[in-house]
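Listed below, chain by chain, are the residues.
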Amino acid sequence: MPAISGPSDYLERAVLDMLFPPPTGGTSYTVPTTAYIALYLNGTVNEDGTLPSGVSEVSSSGTGYTRLAITMTGSNSVWSAAQTDTSGETTKSNNQDLSFQEATASWGTIVGWAIWRTQTGGSSTDLLFGGTLRNPVTINANDTFRFRQGSLVISAR
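Computed from a predicted model, the values in this text were never measured in an experiment.

Things to note about the overall build of the protein
Along the protein, the regular secondary structure elements total one helix and 11 strands. Counting from the amino terminus, the protein carries its helices and strands in the arrangement β-α-β-β-β-β-β-β-β-β-β-β. The C-alpha radius of gyration computed for the protein amounts to 16 Å, which stays within 12% of the reference 15 Å derived for 157 residues, consistent with globular compactness. When the backbone C-alpha atoms are referred to their principal axes, the protein occupies close to 55 × 35 × 30 Å.

Here we look at the pairing of strand 9 (residues 127–139)
Both strand 1 (residues 6–7) and strand 9 contribute to a ladder of two bridges, which runs antiparallel. Bridged to glycine 6 within strand 9 is glycine 130. Sheet topology note: the strand 8 (residues 108–116)/strand 9 ladder contains eight bridges and is antiparallel. In the sheet register, threonine 109 faces strand 9, and the bridge partner there is threonine 138.

Comments concerning the pairing of strand 4 (residues 68–71)
Judged by which residues are buried, strand 4 turns out to be one-sided: Leu68 and Ile70 face inward and are buried, whereas Ala69 and Thr71, on the alternate face, are not. Pairing analysis gives four bridges linking strand 2 (residues 34–41) to strand 4, with the strands arranged antiparallel. Among the inter-strand pairings, tyrosine 36 is bridged to a residue of strand 4, identified as alanine 69.

A few points about the packing of aromatic side chains
Scanning the model with the defined rule gives six aromatic pairs in all. Plain terms: the ring middles of tyrosine 65 and phenylalanine 100 are 6.2 Å apart, the flat faces sit at 15° to each other, and that makes the pair stacked. Residue tyrosine 65 is found in the loop between strand 3 (56–57) and strand 4, and its partner phenylalanine 100 is found in the loop between strand 7 (98–99) and strand 8; the two are separated by 35 residues along the sequence. Across this residue pair, the class does not change: tyrosine 65 and phenylalanine 100 are buried. Grouping aromatic residues by their ring pairs yields a cluster made of Tyr65, Phe100, Trp107, Phe145 and Phe147.

Examining the nonpolar core
Side chains that are nonpolar tend, in soluble globular proteins, to be buried together. Ile37, Leu39, Ile70, Trp107, Trp113, Ile115 and Phe147 are the most contacted members of the largest nonpolar core, which has 34 residues in total. For this core, the secondary-structure elements that each account for two or more residues are strand 2, strand 4, strand 8 and strand 9. For this core, the element with the highest residue contribution is strand 2, accounting for six residues. With sequence-adjacent residues up to four places away left out, isoleucine 37 is seen in contact with Tyr65, Arg67, Leu68, Ile70, Leu98, Phe100, Trp113, Ala114, Ile115, Phe147 and Leu152.

Cut-offs and rules
- Note on numbering: residues in each chain are counted from 1, in written sequence order.
- The predicted origin of the model limits local features to residues at a pLDDT of at least 70 and limits the giving and counting of side-chain atom pairs to 80 or more, whereas totals for whole chains, interfaces and linings rest on all residues.
- For side-chain calculations, the full set of non-hydrogen atoms in the structure is used, while hydrogens and water are omitted.
- Secondary structure elements are defined from DSSP: runs of H or I of at least 4 residues count as helices, runs of E of at least 2 residues count as strands, and each element is numbered from the N terminus.
- With the radius of gyration taken over C-alpha atoms, the globule rule is written as 2.2 Å times the number of residues to the power 0.38.
- Between any two strands, at least two bridges found by DSSP are needed for them to pair.
- For the exposure calls, accessible area comes from a 1.4 Å probe over protein chains only, and a residue counts as buried if that area is under 20% of its type's maximum, exposed if over 50%, partly exposed in between.
- Pairs were defined over the aromatic rings of Phe, Tyr and Trp, the Trp ring being its six-membered one, requiring ring centres within 6.5 Å. Orientation was assigned from the angle between planes: stacked under 30 degrees, edge-to-face over 60, tilted for the rest.
- By nonpolar core is meant a set of buried Ala, Val, Leu, Ile, Met, Phe, Trp, Tyr and Cys residues that side-chain atoms within 4.5 Å join together.
- Whether two residues are in contact is decided by their heavy atoms, any of which lying within 4.5 Å being enough.

Interpretation note: all reported values are geometric properties and have no functional meaning in isolation.
In C-alpha cells:
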C-alpha cells in the first residue's frame, strides 16, 4: 500500500459511489462537522490508514501534541472554495492559519500530515486525505507548528 498523497482509498470510493450510485451497496459518506489533522515523522500514513514501517504520528505523551480540530462545514469552515488553475489542476486550501498547540517537548521533524474524522487513532474509513510537506519542519519545545493560510493544499488530481 503506497503512502497517501491525496484522498484515501475510502474517500475515493465514497465520492465515486456518490456521483455514480451503484444499484446496491456502495460506500456512503457524510461530511464531518469537525475533522482532525495529524502530523507524522518519517513519512505519512498509507492510503488505507495503516502506517508504513518507520513512520509514526507525533507522540502525545508529555509533548503537548494533539491532533488539530478543524471545522469542515458551515460559515466557520477552514476551507476556501475550489479553484481550477490554467493547467487544469483543481485545489482547495486553508482560508486561515491552522495552529497546533505549543510543543512542551520536542516533536521531532514533521514530514507528513493526514486529515482524519477521529481525534485519535482511526480506521481506514476515518482517514480522508494526507500528504507530505515540501519542506519538513523540526518542532522543539516552545515551538508552534502551523499551516499558514493557503499552505495546506488539497488537490483533486
